[in-house]
Amino acid sequence: MAPDFENATYIINFGTSIGEAEYPMQTRARYMQKWFKRKGTHSPDVKHVIVNPRLSKAAAKVAMGDQGEWLPLRPATDGFFVLGLIRWIIENKAYDADFISRPSREAAEAGGYKNGWTDMTYLVSSVEPKVFLTGEKAGLKKSDFVVSVNGKVTEWDNVKGRADLDTSVMIGGVEYKTAFRMLRERAQEKTLSEAEDVCDIPNGTIARIAKEFSSAKKPVAEFYRGIVQHTNGWGNGRAVIMLNVLMGNINKKGGYTKGHLAYKGSPGYQKKLKPRGVSACRHKSAYEGKKKVPTRPWYPFASRDVAPEWWSSVRQGYPYKIKAVLNYYNGVAYTLPYNKPVVDAMKDTKAIPLYFSIDLWMGESSMYADYILPDTSYLERFGYFHSYPTVMTRVGALRQPVVGTLDPKTHDYRGVHPDTRTADDILIQLALKLGLPNFGKDGMGKGKDLFNAWDLWNEYYKTKHYEGMSGLDPNGPLARIGGLFENPANKYDGEYIKLSGGRIERPIFTYHNKVAKTKNSMTGRYFDALPTYRTIYDTTETPLKVDEKEYPFQICTHKDAYHTQSRTASNLWLMSIKPENSIDINPADAKKLGVSTGDWVRAKSPTSPVWPEHPNHYKDGWYKYKARVTSVVRPGVILVCHSYGRWGAGARPWYMDGKPQYIDERIGAGFQLNPLQMADPVLKNVVLIDPISGATEQTGTRIKIERI
Amino acid sequence: MERGEILTKTGEAGLIAPGKGQKRQLTLWVDLRYCIGCHSCTMACKAEQNTPVGVDYNRVISVETGEFTDPKKAPEVKKYFVPMPCMHCGEPACMAACPVGAITKREEDGIVLINSDKCIGCRYCAWACPYGAPQFNAEKKIMQKCTLCVHRLEKGLEPACVSTCIARTRFFGDLNELTMVIRDQRAKKVTIGQTGTKPSVLYTKP
């Protein structure tokens, strides 16, 4: 979700980097700057608060003018800050009580709201599993949720006005509290000054920001990776959403919005197939085994692969042994935090007997493959691009090759190098060889063959939302304009965001019922469905214990605006902007360490592995870096920019048929932080992972530094 | 660049008369208030001019001032970004330093250009220029610098850096017209250091 930059008056950004990262970077950067251009950089009407341990580009902008402020929290303490804000807002009744007291569509509409309703008044059991009270349990009609109106319980959809917000009822000897009361009690577990001490920010900050935020005309809080890439990241993200719900700004003009529904195509098929079984990393799967505690954790709420867990599981042969791997668009050996076990798994021919890779170059992950199928670059392929919530009207973009040749008859596309095929074509060719259904003659339905990527994308751009359109026809409007775009003027519907593509008729949930009734597979205890006052913990949700005296620094990472993760390291133009990265150290810390800019330092985390093959391994698990002393990072935190320090993709010498291939040492310049990311103390061979969302812990690991 | 203010306030923007015998001055205005230091201008310039690695007509420097060493106090560190193209000066130091007369300032629009046929690659202009604009092209053994994209201007297009600017904070036009816009916006004009070469590129306070 994203804020409506055009009309918001107060935006808090948690762990986002507008102007450097974010989707789409250019659009978001432009929207942010447009916001200030409209209002003026010194206008009292708008304020932008950037919560980040690092002075990001956006933080630099707000620190320069009077348009906002930079709040450098200690990494991994975001939960304390957001819950602190919620505590102040609830205790000072600064929330939109009318909006959040309405339990159904009818009730919301009776109050004049067109942006839905919330679950804040729904009753939740106070004993585990802490799930919503249902109609049957309350002795009422069949109903998913039950609310209390003036002390009397009733079905949620039976209410035409407001329900009791902060209340509890006793049914069958069990206390049921409203979701709002659950949140209030959670937020009141710590005082504001306790939270500020954990966040290590000046006293009074939380109350001041909460007051400014809740009294602003159009307040919005948004978050991204910085606060969700933690073991408690799921809760942190939920907390920020709740902050918005309390303000009643969901899908409102100047509020927090889901944005548009993308235009999509939907090619047909001969025979409908469904994916089955459990993935090797057990995402989307709940543990149903016989053992009390499984060997490795299961991730029922991870919507995508838990990549580091995948490789470590495969190495261990849990939950099953695999026979072959096909890796595509996944530079895991370089990219994943605590990446050594990934490389170990790739090297282990017993765990992975056969390893294929589709790659554009001899990447860190492909160098261990048995077979490499050369991919084409982004300028040599067909594809689909949707946009992100920042854009509020509908978009569906079409990617077409810029170079290469297309056979006019068969529509077989070839990139610049004759030996390469697009990844789509490689997969389609494999499927054809294997004789899989839905490929080849009439693969996508009668008269709709599927022999290559062009066939697939041409059909994609003629179906579902693209019904009756021109497909990949080079003279058709789709290919010429580059996609399908809704008129961006149709963003609003009165005081609300139009949500092009349709509204979803369901409550705005702040309490996650499914999480509440699911157990952490490693402990057998129920998950906490509310945000928590916690920092980093391991897979059994035991708080991480690292000696702060021995390991006084916490790590933080970021990316530069001009790099796309590590994929652009081979672009020497881009590498020439900043030929090498550094370990950034605050002047206060540098003084204690006796380090100045340009000095070599070595760093070690409690679990950093001995890895002599790694380009910046020093010895015995220490890694070396070149220091830069700068106040852009808060004291006690060090910063290393991602994208640098590659050892594949032509950064180090490699040979094909005994012949040396093209390399350039500038590709591999700089340093990598990943080996320092801390391993889970229980599982040992994988990075710390959020047991609910499957997100990896990326900022907050404790390390020690010494001058070499 | 690290630490230390490099901008000098010049207060209210005043109209600058074009140089001697000059009809007008075409130039750039970079509104530093909105520059996010993304280096898109650097790369657009590189792609447009096809310069080798290490030769950049437009560089972006970030300047950091102040310190932040006590988390219990509000941070006082500031950071801003300054794109540095050729300043197309009123009295170009490069032109004065060139021993072969390869550098000229065009009468019709004040653009300073290096004639690559005359240039002998002695690099005197690089030493003379206080902004580091002239760049040595080791492949061609000549000096090169920002041309304000004259080849694009002839086609009625803006310089590549201007049309690519993500924050839309870079403007191209006549010096006096741009100055009027700055005045209208009540933005504060600043210059980079004080060099005496009468740089034409306009900056407004970040």
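Calculation criteria
Residues numbered from 1 in each chain as written. Chains lettered and ligands numbered in written order. Predicted model: local features only at pLDDT ≥ 70, side-chain atom pairs only at ≥ 80, totals over all residues. Heavy atoms only, no water. Contact = heavy atoms within 4.5 Å. Buried area = accessible area lost by both parts, 1.4 Å probe. Salt bridge = Lys/Arg side-chain N within 4 Å of Asp/Glu carboxyl O. Polar contact = N/O pair within 3.5 Å; in protein donor to acceptor, adjacent residues only side chain to side chain. Pairing = 2+ DSSP bridges. Helix = DSSP H or I, 4+ residues; strand = E, 2+ residues; numbered from the N terminus. Axes fitted to C-alpha atoms, helices over the stretch in contact; angles between N-to-C directions. Buried < 20%, exposed > 50% of the residue type's maximum accessible area, 1.4 Å probe, protein only.

Undergrad: Mind showing me how you'd approach the interface of chain A and chain B here?
TA: Put simply, an interface is often sized by how much accessible area is lost when its parts join up. Residue-level contacts link 43 residues of chain A with 39 residues of chain B. A combined buried area of about 3,500 Å² lies between chain A and chain B, and 63% of that area is made up of carbon and sulfur atoms. The interface formed by chain A and chain B contains one salt bridge. For the salt bridge of K72(B) with D197(A), the shortest nitrogen-to-oxygen distance reads 3.5 Å. Joining chain A to chain B, the criterion identifies 15 residue pairs in polar contact (both at pLDDT 80 or more).

Undergrad: Sorry, what's going on with the sheet that holds strand β5 (residues 123-125) of chain A here?
TA: Across a sheet, strands are paired by hydrogen bonds formed along the backbone, either parallel or antiparallel in direction. Residue and element names in this part refer to chain A. If you walk across this open sheet you meet the three strands as β5-β9-β8, and the pairing is antiparallel. Both outer strands of the open sheet, β5 and β8 (168-171), are each paired with one neighbouring strand and no more. Averaged over all pairs of adjacent strands, the angle between strand axes in this sheet comes to 35°, irrespective of strand direction. Note that β8 and strand β9 (residues 174-178) share four bridges and pair antiparallel. Following the sheet pairing, V169 is matched in β9 by Y176. Running at roughly 85° to β9, helix α6 (residues 179-187) makes contact with β5, β8 and β9 of the sheet.

Undergrad: Teacher, can you tell me more about the sheet that holds strand β16 (residues 395-399) of chain A here?
TA: Residues and elements named next belong to chain A. Reading across the sheet, the three strands line up as β15-β16-β19 and stay open at both edges, with antiparallel pairing between neighbours. Edge positions in the sheet fall to β15 (383-385) and β19 (483-485), since each has one partner strand and no second. Along the sheet, successive strands turn relative to each other by an average axial angle of 25°, direction set aside. Across three bridges, β15 lies against β16 in antiparallel orientation. The partner of G383 across the bridge, within β16, is R399.

Undergrad: Looking at this structure, I do not really get helix α11 (residues 307-316) of chain A. What am I missing?
TA: Helical geometry note: an α-helix holds 3.6 residues per turn, so side chains three or four residues apart project in the same direction. All names here are of chain A. Counted residue by residue, α11 has eight buried out of 10 residues, so it is predominantly covered. Residues A307, P308, E309, W310, W311, S312, S313 and V314 constitute the buried set of α11. Residues of α11 that are buried make contact with β12 (324-328), α12 (332-335), α13 (340-347) and β13 (354-359). Note on α11: the residue one or two positions beyond its end, G317, has a positive phi of about 75°.

These results come straight from atomic positions and should not be treated as a statement about function.
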